[in-house]
Every structure is written in structure tokens, then in C-alpha cells.
Amino acid sequence: MKFSIIFFILTTFCFAAPDPATVNFLNGDKLSGHVVTLNLQTLTWQSDLLKDQAKFNLDQIKDVQLPLNLNKSSTQDVGHEAVLHLTNGNTLKGLLTGLNDQEIRLNTWYAGDMVFRRLNVKSITISRKSKILYSGPDGLDGWKVNGAENSWSYEANTNELVSNGTGNIARNIEFSEDVEIAYDVSRKGSLRSKLIIFTSDIDTTTPKSGYEISFTGSYARIKRLSDGSYLTGKSNQNRMQQNNENARIVVRVSSQSKKILVLINDELLGIWADDAMNEIKDKGLMFSADINSVIKLSNISVSEWDGIFDEINEDELNDARFNIHRFQNGLPVPPPKPQELPEGRMFLANGDSLEGEVLGIDKEMIKIKTPFTEVTFPVHRINNIALKKADLETAKLYQGDVRAVLSDGSIFVFRLDDVKDGKLIGYSQNFGRAEFLQTAFKRIEFNIYPKYK
């Protein structure tokens, strides 16, 4: 591929604070410290390991990993979050504000209003945007460590809570009536850890209130700590065996239905019920690990939830248990149910589907023309947008492209054209010219294309 050479007037990109970060080099070396300045050719770096500031050419650098700095505006009180899945594999998150045959509009906290070419967008998924009650970790402030000395620590470079021995780590959170608790966990070998919620005992290693969710290898169970009784429910223990050493655990609790749902990497692990749930509502959130199983926790979020348990979840669990039984007894297993809908149909949040064409979006309300009538309802009640069939295109590659990983999980490539006033300025055929806030970036990857000799 032949790239055109573009010359830039170099400007300086100054980082506001000496937060801990890591620069990784193409030869495998890495250096902790913080960014002083960044321009289109060099990175100026300061580290306790260096006597003076050092300048590194960008062609020597693999990536720069920055401390988690989730901008408060990224958790703004909006009804939905749209994820645009682009034809080149990139994903960008924001508020869906417009859609027609030529373009798709997204309002983002990291770059304002962005306009995408319809031909570069493969699909759009929608989820309800809930109020964030806690997001982190960004340090040990607010956390209480119980048990052996230094049994838990915080790693600033990776924004992780790390278990180093017997003990637990806890904090108080103002839980909503219906709540979702989610976190990433990494470990070596079998998972052995506990999550305790709604406890009043955050200052002890043996809490006597709340619910204890135990993960042991391929097994999970939930205990009511006030009387030591285990909750009854439906679970599929084999789901855990399919996971690698990194997993995303999501726990949803509904006071309305008095149920607790647990997912591992977006797959349903189990649903448990407790009629006494409304009597157990304290503020404590606690993590503990087995002394022989070091775990690392990151991307912890606690948010409000609408409390809706789609029936498809329980059907999915029943099907999984039924198929495992047939497989173990040498019987044929039915093929999985199709997950994709015919073209032009959209999933709704309650499990129904709808055929139609999007006519417009205004103030988080979407208008859809169905074969029978026009309907209008909140965007967050729909799970996907049915896009008209089109001949899709993949964005061009450019010299100077970098890959951005943002603190909200967005991942995309753009040509870095300028850096100034606390912003990275660039271009992509997907969305044109855009200016990105420096505080939005979790990682910036350089030299992302192979170099041919």
C-alpha cells in the first residue's frame, strides 16, 4: 500500500498532571512514569528511574497506557447508550441522535457530536444507560482492607485491586433498589473468590449480613449470611468451565422480583430467588479471595438497573441444562436457536421483535414506521437498530494512524493530525475530522501497521 506523506506543524500536547502511566516500546521494554508532552514525532517522558526527562521517537513506541480517568460527563444522566460497530471492527459509544440513509449521528462525551458515513457502519446496538453509583477503582481511598496486613493492594498502572493474602476489601455504596454490579477478574488457574453485597459489616473478615456469592472453580452458589442458608435457583455450572483466566462478572439484583442473576462473559450462569430480599439492604460491597488464588479486579461499576428479567434468560438456562444432560447421556443435542432476526426486524428490551423502518430520533425518542402504523417510544427500549441493506465500505488506512482505547471501552483508529489545547485532533473516513479530549484516553497505540522492507 502506498501512503501519501503529510507534513505537520508540530505543536505540543501537555498533560495536566503527573499521573502514573506506562510506555511500552516495540523492542519489549517498558517504563513507568508520566507523559510530559506529546507531539507528532516525539513523546517526552518523566520517570523516577530517569535522572532527567527523556524524549522518545514515536516510531520506537508500541503504546502508552494512561491512568483511568473516566470523565464525569461520560456518566451523564441519559436514557440510552448506542454502540456503533464499524466495518473495520472499531466500536464507538455515545448517544444516538440521528439516522438516515447517508449518515448516523452520535453525541459523545469525548468528541462532542460525530457524524458517521452510513456505508462504514455495520450495525448498531442499544442498551439502557443507568445512573452510575460507583466506577473504579482509582486508588484505595474509600476502601477498607480487613485481614492479613497488605492482603489487598492497588496497582496504579493497571487500575487493579490485587489480592495478596487472606482478607477482604470493602466499601459502602448507596445501592439502588434494583442494581447491577459488574467487574473484571483475572487470575491464574481455577477461580476461587467471593463477592458480598448488601452487608453492614465492612470492618470484619466474617460479615454476618448480606449475600455471599461464592465462585469455586466451575461452581457458584449464593448464601444469605444472616442465617447461613443457601438460596435455591437454577444454575449452569458448566458455563464457568468455558471461561479463560479473564472474565467479566455481572450480578443483577431486583427487589421487584426478589431475584439475583449472575452472568459470566455475557453468558447466564444462574438465577436465584429469595423472598426475604427486601429485608436485606445494607450498603456494604466486599470482595475476598482464597489465599491460594491471587485475583486482580478492575473496571468495577455499580449502577442502577431497570429490574427487568427477560424470560429469554431463564429459557436459555433451561436449554443449556437440558442439552448438557443429553450430551452426557450420549443423546443428540438440538441445534442452538437462531440469534439473528430477519433483515428489517429489531429486538425490543422485553424480548419481543418489531419490523419497521426508523423515521427519526428526537430527544431520546425513536419513531418507527411498521407495516401497520407509526410508533414512538424511548430509544432505550430497543436493543438494535435495523439498518437498510447497503454496499458497505471499509475506511482507508493512513500514515500516522493510531489506535485509541477510551476509558468507556470505545476502540477506534484515526489519523493523528495535530495535538494542542488538551486535545488529540485527527481524521478517519468513518467520521471525518474530530477533536478528542486527552482525558478520554486509556491507551494510545502507535505503529499499528506492519512495516515492509
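These figures come from a predicted structure and were not determined experimentally.

1. Some points on the overall build of the protein
Here's step 1: Along the protein, the regular secondary structure elements total two helices and 38 strands.
Here's step 2: Going through the 453 residues of the protein one by one, you find that 47% of them count as buried.
Here's step 3: By sequence separation, contacts in the protein at least 24 residues apart represent 59% of the contacts at least 6 residues apart.
Here's step 4: When the accessible area of the protein is evaluated, it comes to approximately 23,300 Å², of which 47% is carbon and sulfur surface.

2. Re unusual backbone geometry
Here's step 1: In this structure, Pro137 follows Gly136 across a cis peptide bond, with omega equal to 5°.
Here's step 2: Counting through the fold element by element, Pro137 comes out in the loop between strand 12 (132-136) and strand 13 (144-147).
Here's step 3: One non-glycine residue, Asn299, lies in positive phi territory at about 50°.
Here's step 4: Considering the arrangement of structural elements, one finds Asn299 in strand 27 (residues 295-304).
Here's step 5: In this structure Asn299 comes out as partly exposed when scored by relative accessible area, which is 28%.
Here's step 6: One non-glycine residue with positive phi stands out, namely Glu364, at about 65°.

3. Things to note about the packing of aromatic side chains
The relation between two aromatic rings is expressed through the spacing of the ring centres and the mutual angle of the planes.
Here's step 1: Scanning the entire structure with this criterion turns up 16 aromatic pairs.
Here's step 2: Ring centres of Trp143 and Phe287 lie 6.3 Å apart, and the angle between their planes is 45°; this geometry places the pair in the tilted category. Within this pair, whereas Trp143 is found in the loop between strand 12 and strand 13, its partner Phe287 is found in strand 26 (residues 284-289), the two being separated by 144 residues in sequence.
Here's step 3: Measuring from ring centre to ring centre gives 5.8 Å for Tyr398 and Tyr427, while their planes differ by 75°; the resulting arrangement is edge-to-face.

4. Examining the sheet that holds strand 32 (residues 374-378)
Here's step 1: The three strands lie next to each other as 30-31-32, forming an open sheet whose pairing is antiparallel. The open sheet has two edge strands, strand 30 (357-362) and strand 32, and neither has a second partner. Neighbouring strand axes in the sheet, compared pairwise and without regard to direction, differ in orientation by 20° on average.
Here's step 2: With five bridges connecting them, strand 31 (residues 365-369) and strand 32 associate as antiparallel partners. Residue pairing in the sheet places Lys369 in a bridge with Glu374 of strand 32.

5. Some remarks on the confidence of the model for the protein
Here's step 1: With 82% of its residues at a pLDDT of 70 or more, the protein shows a mean pLDDT of 81.
Here's step 2: For residues 319-339, every residue scores under 50 in pLDDT, and the model assigns this stretch 15 contacts once sequence neighbours within four places are set aside.

6. Some points on the environment of Val358
Here's step 1: Among the secondary structure elements, Val358 is positioned in strand 30.
Here's step 2: Look at Val358 and you get buried, because its relative accessible area is 10%.
Here's step 3: Between the alpha carbons of Val358 and Ile385 there is a distance of 7.9 Å; along the sequence they are 27 residues apart.
Here's step 4: When neighbours within four sequence positions are excluded, Val358 is seen to be in contact with Leu99, Ile366, Lys367, Ile368 and Ile385.

7. Here's the deal with the side chain of Asn159
Here's step 1: Position of Asn159 among the secondary structure elements: in the loop between strand 14 (152-155) and strand 15 (160-163).
Here's step 2: Residue Asn159 is classed as buried on the basis of its relative accessible area of 7%.

8. Remarks on the nonpolar core
Here's step 1: Core analysis: the largest hydrophobic core is formed by 59 residues, its most contacted members being Ile124, Ile385, Phe414 and Phe436.
Here's step 2: Sorting elements by how many residues they give to this core places strand 35 (residues 411-420) first, with four residues.
Here's step 3: With residues up to four places along the chain from it excluded, the contact list for Ile385 reads Leu96, Leu99, Ile124, Ile126, Met346, Val358 and Ile366.
Here's step 4: Counting 39 residues, the second-largest nonpolar core is a separate cluster that includes Tyr134, Leu195, Leu231 and Ile264.

About the thresholds
- Residues numbered from 1 in each chain as written.
- Predicted model: local features only at pLDDT ≥ 70, side-chain atom pairs only at ≥ 80, totals over all residues.
- Heavy atoms only, no water.
- Helix = DSSP H or I, 4+ residues; strand = E, 2+ residues; numbered from the N terminus.
- Buried < 20%, exposed > 50% of the residue type's maximum accessible area, 1.4 Å probe, protein only.
- Contact = heavy atoms within 4.5 Å.
- Areas by Shrake-Rupley, 256 points an atom, 1.4 Å probe, with all protein chains shown as cover.
- Phe/Tyr/Trp six-rings, centres within 6.5 Å; stacked < 30°, edge-to-face > 60°.
- Pairing = 2+ DSSP bridges.
- Axes fitted to C-alpha atoms, helices over the stretch in contact; angles between N-to-C directions.
- pLDDT = per-residue confidence, 0-100.
- Core = buried A, V, L, I, M, F, W, Y, C linked by side-chain atoms within 4.5 Å.

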